[in-house]
Amino acid sequence: MTAPSALPGPHALPGPHTHSSGLDGRTALVTGAAGGIGRACVLRLAAHGAKVRAVDLDTAGLEALTELARGLPGTVEPHPLDLTDLDAAELAAAGTDVLVNNAGLQTVRPIEEFPPEVFHTMLTVMLEAPFRLIRGALPHMYGQRWGRIVNVSSVHGLRASAFKSAYVAAKHGLEGLSKTAALEGAPHGVTSNCVNPAYVRTPLVEKQLADQARAHDVPEERVLSEVLLRDSAVKRLVEPEEVAEAVAYLCGPRASFVTGTSLVMDGGWTAH
(Lines give C-alpha, C1' and ligand atoms only; values in the text may rest on other atoms or scores of the structure.)
Protein backbone atom coordinates (compact mmCIF):
# COMPACT_ATOMS: atom_id res chain seq x y z
CA MET A 1 0.00 0.00 0.00
CA THR A 2 1.35 3.40 -0.92
CA ALA A 3 1.47 5.88 1.91
CA PRO A 4 -0.49 9.08 1.31
CA SER A 5 1.55 12.12 0.44
CA ALA A 6 2.14 14.61 3.24
CA LEU A 7 1.71 17.45 0.77
CA PRO A 8 -1.67 18.48 -0.68
CA GLY A 9 -1.94 17.34 -4.28
CA PRO A 10 -4.29 18.36 -7.09
CA HIS A 11 -7.16 16.65 -5.24
CA ALA A 12 -7.07 19.59 -2.81
CA LEU A 13 -8.27 21.91 -5.55
CA PRO A 14 -11.62 22.01 -7.37
CA GLY A 15 -11.80 19.58 -10.28
CA PRO A 16 -11.74 20.78 -13.89
CA HIS A 17 -15.50 20.48 -14.27
CA THR A 18 -16.53 22.29 -11.11
CA HIS A 19 -17.83 25.84 -11.29
CA SER A 20 -16.37 26.81 -7.90
CA SER A 21 -13.77 29.56 -7.91
CA GLY A 22 -13.51 29.87 -4.16
CA LEU A 23 -15.39 33.19 -4.21
CA ASP A 24 -18.69 32.13 -2.63
CA GLY A 25 -19.40 34.71 0.04
CA ARG A 26 -16.27 36.72 -0.72
CA THR A 27 -16.57 40.49 -1.03
CA ALA A 28 -15.02 41.96 -4.16
CA LEU A 29 -14.58 45.58 -5.23
CA VAL A 30 -14.21 46.51 -8.90
CA THR A 31 -13.49 50.06 -10.06
CA GLY A 32 -14.57 51.39 -13.44
CA ALA A 33 -17.42 48.92 -13.09
CA ALA A 34 -20.13 50.51 -15.25
CA GLY A 35 -18.77 49.47 -18.64
CA GLY A 36 -16.11 47.66 -20.64
CA ILE A 37 -13.61 45.51 -18.73
CA GLY A 38 -15.01 46.54 -15.35
CA ARG A 39 -18.54 45.46 -16.16
CA ALA A 40 -17.30 42.12 -17.51
CA CYS A 41 -15.26 41.58 -14.32
CA VAL A 42 -18.21 42.38 -12.07
CA LEU A 43 -20.44 39.90 -13.90
CA ARG A 44 -17.74 37.21 -13.92
CA LEU A 45 -17.01 37.52 -10.20
CA ALA A 46 -20.72 37.61 -9.34
CA ALA A 47 -21.18 34.48 -11.48
CA HIS A 48 -18.64 32.83 -9.16
CA GLY A 49 -20.65 33.79 -6.08
CA ALA A 50 -18.89 36.98 -4.99
CA LYS A 51 -20.62 39.95 -3.41
CA VAL A 52 -19.32 42.72 -5.68
CA ARG A 53 -19.09 46.40 -4.86
CA ALA A 54 -19.32 48.04 -8.28
CA VAL A 55 -17.53 51.41 -8.15
CA ASP A 56 -17.99 54.03 -10.86
CA LEU A 57 -19.06 57.63 -11.44
CA ASP A 58 -21.67 56.51 -13.99
CA THR A 59 -24.77 55.93 -11.89
CA ALA A 60 -26.94 55.02 -14.89
CA GLY A 61 -24.35 52.47 -15.98
CA LEU A 62 -24.26 51.00 -12.48
CA GLU A 63 -28.05 50.65 -12.46
CA ALA A 64 -27.95 48.85 -15.80
CA LEU A 65 -25.19 46.58 -14.50
CA THR A 66 -27.24 45.68 -11.45
CA GLU A 67 -30.09 44.59 -13.73
CA LEU A 68 -27.70 42.48 -15.82
CA ALA A 69 -26.48 40.72 -12.69
CA ARG A 70 -29.93 39.63 -11.50
CA GLY A 71 -30.10 35.86 -11.12
CA LEU A 72 -26.37 35.32 -10.74
CA PRO A 73 -25.12 33.35 -7.72
CA GLY A 74 -23.47 36.45 -6.26
CA THR A 75 -24.72 39.99 -5.79
CA VAL A 76 -23.83 43.42 -7.17
CA GLU A 77 -23.95 46.52 -5.00
CA PRO A 78 -23.68 49.80 -6.96
CA HIS A 79 -21.26 52.19 -5.29
CA PRO A 80 -21.09 55.60 -7.03
CA LEU A 81 -17.69 57.13 -6.28
CA ASP A 82 -15.29 59.69 -7.71
CA LEU A 83 -11.85 58.09 -7.38
CA THR A 84 -10.19 61.49 -7.18
CA ASP A 85 -11.69 61.58 -3.68
CA LEU A 86 -8.85 59.49 -2.34
CA ASP A 87 -10.03 59.31 1.25
CA ALA A 88 -13.41 57.99 0.11
CA ALA A 89 -11.69 55.46 -2.16
CA GLU A 90 -9.62 54.08 0.71
CA LEU A 91 -12.68 53.86 2.93
CA ALA A 92 -14.67 52.05 0.22
CA ALA A 93 -12.08 49.26 0.10
CA ALA A 94 -12.35 48.37 3.78
CA GLY A 95 -13.47 44.79 4.34
CA THR A 96 -12.89 43.58 0.78
CA ASP A 97 -11.43 40.14 0.04
CA VAL A 98 -10.83 40.80 -3.66
CA LEU A 99 -9.80 44.13 -5.16
CA VAL A 100 -9.81 44.77 -8.91
CA ASN A 101 -8.26 48.13 -9.83
CA ASN A 102 -9.61 48.73 -13.31
CA ALA A 103 -10.73 52.37 -13.72
CA GLY A 104 -8.85 54.24 -16.41
CA LEU A 105 -8.75 57.37 -18.55
CA GLN A 106 -7.01 58.15 -21.80
CA THR A 107 -5.86 61.31 -23.55
CA VAL A 108 -3.62 61.25 -26.62
CA ARG A 109 -1.42 64.33 -27.06
CA PRO A 110 2.27 65.13 -27.58
CA ILE A 111 4.01 65.88 -24.29
CA GLU A 112 4.48 69.56 -25.11
CA GLU A 113 0.72 69.88 -25.70
CA PHE A 114 -0.45 67.59 -22.89
CA PRO A 115 -2.62 69.52 -20.39
CA PRO A 116 -0.90 69.32 -16.96
CA GLU A 117 -4.23 69.14 -15.16
CA VAL A 118 -5.24 66.12 -17.26
CA PHE A 119 -1.90 64.43 -16.52
CA HIS A 120 -2.52 65.00 -12.81
CA THR A 121 -6.08 63.62 -12.95
CA MET A 122 -5.03 60.53 -14.89
CA LEU A 123 -2.27 59.65 -12.43
CA THR A 124 -4.63 60.28 -9.52
CA VAL A 125 -7.28 57.90 -10.87
CA MET A 126 -4.96 55.26 -12.32
CA LEU A 127 -2.11 55.15 -9.79
CA GLU A 128 -2.78 57.03 -6.59
CA ALA A 129 -6.34 55.72 -6.22
CA PRO A 130 -5.20 52.08 -6.62
CA PHE A 131 -2.60 52.73 -3.90
CA ARG A 132 -5.27 54.08 -1.58
CA LEU A 133 -7.67 51.24 -2.41
CA ILE A 134 -4.97 48.66 -1.71
CA ARG A 135 -4.10 50.49 1.50
CA GLY A 136 -7.75 50.34 2.56
CA ALA A 137 -8.17 46.66 1.69
CA LEU A 138 -5.00 45.19 3.20
CA PRO A 139 -5.87 45.30 6.92
CA HIS A 140 -8.88 43.00 6.38
CA MET A 141 -6.95 40.77 3.97
CA TYR A 142 -4.02 40.48 6.35
CA GLY A 143 -6.34 39.81 9.28
CA GLN A 144 -7.90 36.79 7.57
CA ARG A 145 -4.63 35.76 5.88
CA TRP A 146 -6.22 35.70 2.41
CA GLY A 147 -6.70 38.28 -0.30
CA ARG A 148 -6.51 38.88 -4.02
CA ILE A 149 -5.43 42.13 -5.69
CA VAL A 150 -5.70 42.32 -9.47
CA ASN A 151 -4.59 45.48 -11.23
CA VAL A 152 -5.85 45.89 -14.77
CA SER A 153 -2.74 47.29 -16.37
CA SER A 154 -2.03 47.27 -20.09
CA VAL A 155 0.57 46.34 -22.65
CA HIS A 156 1.49 49.99 -22.05
CA GLY A 157 2.60 48.95 -18.57
CA LEU A 158 5.38 47.08 -20.37
CA ARG A 159 5.88 49.12 -23.54
CA ALA A 160 5.58 52.80 -24.35
CA SER A 161 3.76 54.47 -27.22
CA ALA A 162 4.15 58.05 -28.37
CA PHE A 163 1.54 60.64 -27.36
CA LYS A 164 0.40 58.68 -24.25
CA SER A 165 2.68 60.07 -21.56
CA ALA A 166 0.16 60.04 -18.71
CA TYR A 167 -1.30 56.63 -19.53
CA VAL A 168 2.11 54.98 -19.95
CA ALA A 169 3.47 56.62 -16.79
CA ALA A 170 0.43 55.53 -14.76
CA LYS A 171 0.51 51.93 -16.01
CA HIS A 172 4.27 51.60 -15.48
CA GLY A 173 3.74 52.89 -11.95
CA LEU A 174 0.88 50.46 -11.39
CA GLU A 175 3.19 47.57 -12.34
CA GLY A 176 5.65 48.62 -9.64
CA LEU A 177 2.92 49.14 -7.05
CA SER A 178 1.52 45.69 -7.82
CA LYS A 179 4.90 44.00 -7.38
CA THR A 180 5.51 45.80 -4.10
CA ALA A 181 2.09 44.72 -2.80
CA ALA A 182 2.94 41.14 -3.82
CA LEU A 183 6.18 41.14 -1.86
CA GLU A 184 4.59 42.65 1.23
CA GLY A 185 1.42 40.55 1.00
CA ALA A 186 2.96 37.11 0.46
CA PRO A 187 3.56 36.35 4.17
CA HIS A 188 -0.11 37.21 4.80
CA GLY A 189 -1.66 35.02 2.07
CA VAL A 190 -2.34 37.98 -0.23
CA THR A 191 -1.47 37.89 -3.93
CA SER A 192 -1.10 40.89 -6.23
CA ASN A 193 -0.86 40.70 -10.00
CA CYS A 194 -1.42 42.71 -13.15
CA VAL A 195 -3.41 41.77 -16.23
CA ASN A 196 -2.00 43.38 -19.35
CA PRO A 197 -4.32 43.45 -22.35
CA ALA A 198 -3.61 45.16 -25.62
CA TYR A 199 -6.45 47.19 -27.14
CA VAL A 200 -9.81 46.02 -25.77
CA ARG A 201 -13.19 46.60 -27.37
CA THR A 202 -14.31 49.33 -24.94
CA PRO A 203 -15.57 52.93 -25.17
CA LEU A 204 -12.07 54.05 -24.10
CA VAL A 205 -10.54 52.47 -27.21
CA GLU A 206 -13.34 53.66 -29.49
CA LYS A 207 -12.59 57.22 -28.36
CA GLN A 208 -8.91 56.64 -29.15
CA LEU A 209 -9.67 56.01 -32.80
CA ALA A 210 -10.49 59.69 -33.29
CA ASP A 211 -7.66 60.88 -31.02
CA GLN A 212 -5.09 58.69 -32.76
CA ALA A 213 -6.30 59.76 -36.19
CA ARG A 214 -5.65 63.35 -35.19
CA ALA A 215 -2.29 62.61 -33.54
CA HIS A 216 -0.95 60.52 -36.43
CA ASP A 217 -2.66 62.50 -39.20
CA VAL A 218 -4.26 59.44 -40.80
CA PRO A 219 -7.92 58.76 -41.60
CA GLU A 220 -9.82 57.25 -38.70
CA GLU A 221 -10.70 54.09 -40.62
CA ARG A 222 -6.97 53.29 -40.95
CA VAL A 223 -6.14 53.81 -37.27
CA LEU A 224 -7.28 50.36 -36.12
CA SER A 225 -5.18 48.38 -38.60
CA GLU A 226 -2.21 50.69 -39.04
CA VAL A 227 -1.79 52.10 -35.52
CA LEU A 228 -3.64 50.18 -32.81
CA LEU A 229 -3.07 46.67 -34.22
CA ARG A 230 0.20 47.33 -36.04
CA ASP A 231 2.38 45.45 -33.53
CA SER A 232 -0.13 42.72 -32.70
CA ALA A 233 0.26 39.31 -34.36
CA VAL A 234 -3.45 38.66 -33.72
CA LYS A 235 -5.26 41.30 -35.74
CA ARG A 236 -8.32 41.93 -33.63
CA LEU A 237 -9.34 43.73 -30.46
CA VAL A 238 -9.44 41.87 -27.16
CA GLU A 239 -12.96 41.29 -25.83
CA PRO A 240 -13.75 42.51 -22.27
CA GLU A 241 -14.94 39.02 -21.33
CA GLU A 242 -11.50 37.61 -22.17
CA VAL A 243 -9.88 40.02 -19.72
CA ALA A 244 -12.49 39.14 -17.10
CA GLU A 245 -11.58 35.46 -17.45
CA ALA A 246 -7.94 36.28 -16.67
CA VAL A 247 -9.00 38.36 -13.67
CA ALA A 248 -11.24 35.57 -12.36
CA TYR A 249 -8.39 33.06 -12.70
CA LEU A 250 -6.06 35.25 -10.62
CA CYS A 251 -8.77 35.52 -7.94
CA GLY A 252 -9.30 31.77 -7.73
CA PRO A 253 -7.70 28.90 -5.77
CA ARG A 254 -5.56 27.67 -8.65
CA ALA A 255 -3.63 30.95 -8.72
CA SER A 256 -2.47 30.97 -5.09
CA PHE A 257 1.19 30.68 -6.18
CA VAL A 258 0.88 33.37 -8.87
CA THR A 259 1.93 36.73 -7.47
CA GLY A 260 4.06 39.71 -8.40
CA THR A 261 3.70 39.09 -12.10
CA SER A 262 1.91 40.34 -15.21
CA LEU A 263 -0.47 38.21 -17.25
CA VAL A 264 0.03 39.54 -20.77
CA MET A 265 -2.86 39.41 -23.26
CA ASP A 266 -1.38 41.36 -26.16
CA GLY A 267 -1.83 39.10 -29.19
CA GLY A 268 1.93 38.74 -29.56
CA TRP A 269 2.80 42.46 -29.37
CA THR A 270 5.64 41.99 -26.85
CA ALA A 271 6.94 38.90 -28.67
CA HIS A 272 8.76 41.17 -31.14
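Please read these numbers as outputs of a predicted model, since none were measured by experiment. (Residues numbered from 1 in each chain as written. Predicted model: local features only at pLDDT ≥ 70, side-chain atom pairs only at ≥ 80, totals over all residues. Heavy atoms only, no water.)

Q: Where do I start with the packing of helix 1 (residues 36–47) against helix 8 (residues 240–251) in this structure?
A: For any two helices packed against each other, one specifies the crossing angle of their axes together with the interaxial distance. Closest axis-to-axis distance for the helix 1/helix 8 pair is 8 Å, and the angle between their directions is 50°. On the basis of their axis angle, the class for helix 1 and helix 8 is oblique. Helix 8 is crossed by helix 1, and the crossing has right-handed handedness. Side by side, helix 1 and helix 8 meet where Gly-36, Ile-37, Ala-40, Cys-41, Arg-44 and Leu-45 of the first sit next to Pro-240, Glu-241, Val-243, Ala-244, Glu-245, Val-247, Ala-248 and Cys-251 of the second. (Axes fitted to C-alpha atoms, helices over the stretch in contact; angles between N-to-C directions. Helix = DSSP H or I, 4+ residues; strand = E, 2+ residues; numbered from the N terminus. Parallel < 35°, antiparallel > 145°, perpendicular 65-115°, else oblique. Left-handed = near helix turned anticlockwise from the far one by under 90°. Contact = heavy atoms within 4.5 Å.)

Q: Explain empty space enclosed by the protein to me, please; I cannot follow it from the model alone.
A: Here the idea is plain: a probe the size of a water molecule rolls over the atoms and shows the empty space left. As enumerated under the stated definition, the model contains 1 cavity of 30 Å³ or more in all. Forming the walls of the largest cavity are Thr-31, Leu-83, Asn-101, Asn-102, Ala-103, Val-125, Met-126, Pro-130, Leu-133, Val-152, Lys-171 and Leu-174. The set of elements that each furnish at least two residues to the lining of the largest cavity consists of helix 4 (116–144) and helix 5 (165–185). A per-element tally of the lining of the largest cavity places helix 4 first, with 4 residues. Taken together, the residues of the lining of the largest cavity sort by class into 8 nonpolar, 3 polar and 1 charged. (1 Å grid on protein atoms, 1.4 Å probe; cavity = no way out; pocket = protein on both sides within 12 Å on 5 of 7 lines; lining within 4 Å. Points joined across faces, edges and corners; volume = space filled by probe spheres on them. Nonpolar A, V, L, I, M, F, W, Y, C, P; charged D, E, K, R; others polar.)

Q: It is not clear to me how the layout of surface pockets should be interpreted in this structure. Could you clarify?
A: The volume enclosed by the largest pocket comes to roughly 740 Å³. For the lining of the largest pocket, the secondary-structure elements that each account for two or more residues are helix 1, strand 2 (51–56), helix 4, helix 5 and helix 6 (203–216). Element by element, the count of residues in the lining of the largest pocket is highest for helix 6, at 4 residues.

Q: It is not clear to me how the environment of Arg-148 should be interpreted in this structure. Could you clarify?
A: Here Arg-148 lies in strand 5 (residues 147–152). Here the alpha-carbon distance between Arg-148 and Leu-91, two residues 57 residues apart in the chain, equals 18 Å. For Arg-148, the residues in contact, after removing those within four places along its chain, are Asp-97, Val-98, Leu-99, Met-141, Gly-189, Thr-191, Leu-250, Cys-251, Gly-252 and Ser-256. A polar side-chain atom of Arg-148 sits 3.5 Å from the main-chain carbonyl oxygen of Leu-250. (Polar contact = N/O pair within 3.5 Å; in protein donor to acceptor, adjacent residues only side chain to side chain.)

Q: Which parts of the structure should I look at to understand the packing of helix 4 against helix 5?
A: It is the contact of helix 4 with helix 5, at a shortest axis distance of 8 Å, that shows an interaxial angle of 15°. Here helix 4 lies roughly parallel to helix 5, going by the angle between them. When the axes of helix 4 and helix 5 are compared, the crossing they make is right-handed. In this structure, helix 4 uses Phe-119, Met-122, Leu-123, Met-126, Leu-127, Pro-130, Phe-131, Ile-134 and Tyr-142 to contact helix 5, whose residues at the interface are Ser-165, Ala-166, Tyr-167, Ala-169, Ala-170, Lys-171, Gly-173, Leu-174, Leu-177, Glu-184 and Gly-185. For the contact of helix 4 with helix 5, the per-class residue count stands at 15 nonpolar, 3 polar and 2 charged.

Q: What exactly am I supposed to notice about the pairing of strand 5 here?
A: On any regular strand, side chains alternate: one points to one face of the sheet, the next to the other face. Judged by how many residues are buried, strand 5 sits mostly within the fold: 6 of 6 residues are covered. Burial of strand 5 is two-sided: the residues Gly-147, Ile-149 and Asn-151 facing one way and the residues Arg-148, Val-150 and Val-152 facing the other way are all buried. A crossover links strand 4 (residues 98–101) with its parallel partner strand 5, the connecting element being helix 4, and its sense is right-handed. As defined by bridge partners, strand 5 adjoins strand 6 (residues 190–197) across 6 bridges and the pair is classed as parallel. Of the residues in strand 6, the one forming a bridge with Val-152 is Val-195. (Buried < 20%, exposed > 50% of the residue type's maximum accessible area, 1.4 Å probe, protein only. Right-handed = clockwise from strand over helix to strand, strands pointing away. Pairing = 2+ DSSP bridges.)

Q: Before we go on, may I ask you to explain the pattern of salt bridges in this structure?
A: Where side chains of opposite charge bring their charged atoms close, a pairing between them can arise. The final tally for this structure, using the stated rule, is 9 salt bridges. The partner of Glu-90 in a salt bridge is Arg-132, and the shortest N-O contact between them spans 2.5 Å. Remark: Arg-132 occurs in helix 4 and Glu-90 occurs in helix 3 (residues 86–92); sequence separation between them is 42 residues. Residue classification places Arg-132 among the buried positions, given a relative accessible area of 16%. With a closest N to O distance of 2.9 Å, Arg-236 and Glu-242 form a salt bridge. A residue is classified by how much of its surface remains accessible, and Glu-242, at 30% relative accessible area, is partly exposed. Connected through salt bridges with shared partners, the residues Asp-87, Glu-90, Arg-132 and Arg-135 form a single ionic network. (Salt bridge = Lys/Arg side-chain N within 4 Å of Asp/Glu carboxyl O.)

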